[in-house]
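Below, each chain spelled out in residue letters.
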Amino acid sequence: RLGSVVAYFTSAKFLLYLGHALSTWGDRMWHFAVSVFLVELYGNSLLLTAVYGLVVAGSVLLLGALIGDWVDKNSRLKVAQTSLIVQNASVILCGIILMVIFLFKKELLTLYHGWLLTMCYILVITIANIANLASTATAITIQRDWIVVVAGEDRSKLADMNATIRRIDQLTNILAPMAVGQIMTFGSPMIGCGFISGWNLMSMCVEYLLLWKVYQKTPTLALKSAKVEESELKQLNVKKESDVKPAEGVQLIVEKDVTGFEPPQEKEVGCAARIAEPFVTFRDGWVAYYNQPVFLAGMGLAFLYMTVLGFDCITTGYAYTQGLSGSVLSLLMGASAVTGIMGTVAFTWLRRKCGLIRTGLISGVAQFACLILCVVSVFMPGSPLDLTVSPFADISARLFENEPLPTIASPEAEMILATGMPNLLNGSTTPANSNPEMSPEPVPLISVSLLFAGVIAARVGLWSFDLTVTQLLQENVIESERGIINGVQNSMNYLLDLLHFIMVILAPNPEAFGLLVLISVSFVAMGHIMYFRFAQKTLGKQLFVCRTPDPKAAADSSPPGNTSTV
């Protein structure tokens, strides 16, 4: 028994978990802290934070396919090590620059009329964006490629590994910001910068060693399928439904490795062709994504990002306008993490009982059913829904009266201003639809209670569905396209996420939040309809026949046109 325990803790699977936990912990600390640092540096304004968010989202949207193509064209170890070093070195450099700015901000303001300080801000945002792009490359190569190779052809093992990775994500999403937040609260932003830089330096060394160990323990990681010729690729992507519907299960794709593969002689490429190459890669990546048999499933997942029904600054800001305190919200966030972990457990159980594709259907129905509570909350007592109120009435009145917009004096007010809801002045938790000159009447909590009950309960289905689509992409995308397809999937996710922020900008007041809830639920429904269409095309008449898959057979059905090549 002791030997089996030691064997587990030294296995490639556990080492992969440990490396992911360290990477995700550092990532979550940095993403939380950099926004706070930028607010602190720019005089309690959210301008730099907004610019940073826009640059990050735009970069992944435009460069996702190129990053994925780079992952495909290089060896696994080189990609993992390079992205790891670039990511951590960028965060360390950013931390050092921020410490210098915090120390010498007054002096920097006086040099060159403040332009030197502005250049420092631009440098920080640029380097932080590079760190995020490297983090994207790391996620693609480890979570979408290495994990498939480590699992081998055991799909149950792959499902368990995917679920464990998500549980690690759920825990670090809550614990890492709490940890660095305490350090910054009882220390200072400069101490926070130093701690994060030191953590990333230590973590980089340990993660590098863990990657090397996993690579050594999994010899198949050294074998990577040869790049398919462009003519072959087009034929593969354009394949339509096969005449015979396969049985439940997705076949893992086994391709010839690069052993003995001699690349063709490279032809001289002109300057114009080199300039056009990134644009061609971008186009080919999106075309290849569209032609994937799991395209509709990927689109269904992306549509779930077009929502305000999550624990981001928008929903949290709305909660403050309805009178919920920070302590209550922290408890709700903890509850959402618990239901998220329950979703990962439900995924592994449902996949064993009903197969992978039907798990996605059941998860989608469960998520949508829970979100009905959110729809009901819009029309319950306490809901501020009033579409006759102009979204920009408060801002317009202040501009015409030449009154300054309120400054941020508390984290609560920061959250509200981030969502475009200017009704909370200087951290007040007075409900947005009350008159501050009169004693405010307590807002009925039935509406906001139903809203958060729906959001928290829906996370069981959400994370189970997310894991389903993730495994479908892992099992159905050929190895030579795995990077570029997942890069485009990340771009789609960021595109819909950007659209949801634009939606909030167009309707920022609490009175319009109910409308945003209805739009969000509509997009979730559209996403699941896309997945239903994918499942219908794949399983045909067996769609609603939920049976325990034959262990000797494949666990789910191969989407139309997807064949394994040996």
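Notes on the structure follow. Everything numeric in this text was worked out from a predicted model, so none of it was measured.

1. Examining the overall build of the protein
Thought 1: Helices and strands together make up the secondary structure of the protein, namely 19 helices and zero strands.
Thought 2: A burial count over the protein gives 50% of its 566 residues as buried.
Thought 3: When contacts within the protein are restricted to residue pairs at least 6 apart in sequence, long-range pairs at least 24 apart make up 86% of them.
Thought 4: Carbon and sulfur atoms make up 67% of the accessible area of the protein, which totals about 26600 Å².

2. Notes on the state of the cysteines
Thought 1: Per the counting criterion, the structure on display carries zero disulfides.
Thought 2: Lacking any disulfide linkage, Cys-94 is separated from the closest cysteine sulfur, that of Cys-193, by 9.0 Å.
Thought 3: Residue classification places Cys-94 among the buried residues on the basis of a relative accessible area of 0%.
Thought 4: Looking at Cys-374, it has no disulfide partner, and the nearest cysteine sulfur is the one in Cys-370, 8.7 Å off.
Thought 5: Residue classification places Cys-374 among the buried positions, given a relative accessible area of 0%.

3. Here's the deal with the packing of aromatic side chains
Thought 1: Evaluated as defined, the whole model comprises 16 aromatic pairs.
Thought 2: For the ring pair Trp-212 and Tyr-215, a centre distance of 6.2 Å and an interplane angle of 20° mean the geometry is stacked. Taken together, the residues span about one helical turn, with Trp-212 and Tyr-215 both in helix α8 (residues 189-217) at a distance of three residues.
Thought 3: Tyr-215 gets classed as buried once you look at its relative accessible area, which sits at 18%.
Thought 4: Ring centres of Tyr-531 and Phe-534 lie 5.6 Å apart, and the angle between their planes is 55°; this geometry places the pair in the tilted category. Taken together, the residues Tyr-531 and Phe-534, both in helix α19 (residues 513-539) and three residues apart, mark about one turn of the helix.
Thought 5: A residue is classified by how much of its surface remains accessible, and Tyr-531, at 1% relative accessible area, is buried.
Thought 6: An aromatic cluster of three or more residues is present, and its members are Phe-282, Trp-286, Tyr-289, Tyr-290 and Phe-295.

4. Re helix α17 (residues 446-476)
Owing to its 3.6 residues per turn, the α-helix aligns residues three or four sequence positions apart on the same side.
Thought 1: With 31 residues, α17 should reach 45 Å at 1.5 Å per residue; the first-to-last C-alpha distance of 45 Å fits that figure.
Thought 2: Where α17 bends most, at Arg-459, the angle is about 35°.
Thought 3: In terms of burial, α17 is largely enclosed, as 24 of its 31 residues are buried.

5. What about the nonpolar core?
Thought 1: Of all hydrophobic cores here, the largest spans 64 residues; its most connected members are Val-308, Leu-309, Phe-452, Val-517 and Tyr-531.
Thought 2: When residues of this core are assigned to domains, at least three map to each of domain 1 (1-221) and domain 2 (275-389 + 444-544).
Thought 3: Once residues lying within four places of it in the same chain are set aside, the contact partners of Leu-309 are Thr-315, Leu-371, Cys-374, Leu-451, Val-455, Val-517, Ser-520 and Val-521.
Thought 4: Judged by nonpolar contacts, the second largest core, of 55 residues, contains Leu-77, Met-161, Ile-196 and Trp-199.

Thresholds applied
- The residue numbers shown here count from 1 along each chain, following its written sequence.
- Where totals are concerned, whole chains, interfaces and linings use all residues; where local detail is concerned, this predicted model gives features only for residues with pLDDT of at least 70, and gives and counts side-chain atom pairs only at 80 or more.
- Side-chain measures here rest on the full set of heavy atoms in the structure, leaving out hydrogens and waters.
- For helices the rule is a DSSP run of H or I covering at least 4 residues; for strands it is a run of E covering at least 2, with both sets numbered from the N terminus onward.
- Buried residues are those whose accessible area, probed at 1.4 Å on protein chains only, stays under 20% of the maximum for their type, while exposed residues exceed 50% and partly exposed ones sit between those limits.
- Contact criterion: two residues are considered in contact whenever any of their non-hydrogen atoms come within 4.5 Å of each other.
- All accessible areas in this document rest on Shrake-Rupley with a 1.4 Å probe, and a residue is counted as covered only by the protein chains that are shown.
- Sulfur atoms of two cysteines make up a disulfide when they are within 2.5 Å.
- Classification of ring pairs rests on two measures: the distance between centres of Phe, Tyr or Trp rings, Trp counted by its six-membered ring, which must be within 6.5 Å, and the angle between planes, read as stacked under 30 degrees, edge-to-face over 60 and tilted in between.
- Each residue after the first adds 1.5 Å to the expected span of a helix.
- Bend angle per residue: angle between axes fitted to the 7 residues ending at that residue and the 7 residues starting there.
- Definition of nonpolar core: a set of buried residues of the types Ala, Val, Leu, Ile, Met, Phe, Trp, Tyr and Cys, connected through side-chain atoms within 4.5 Å.
- Start and end points for every domain follow an automatic or database-based domain assignment.

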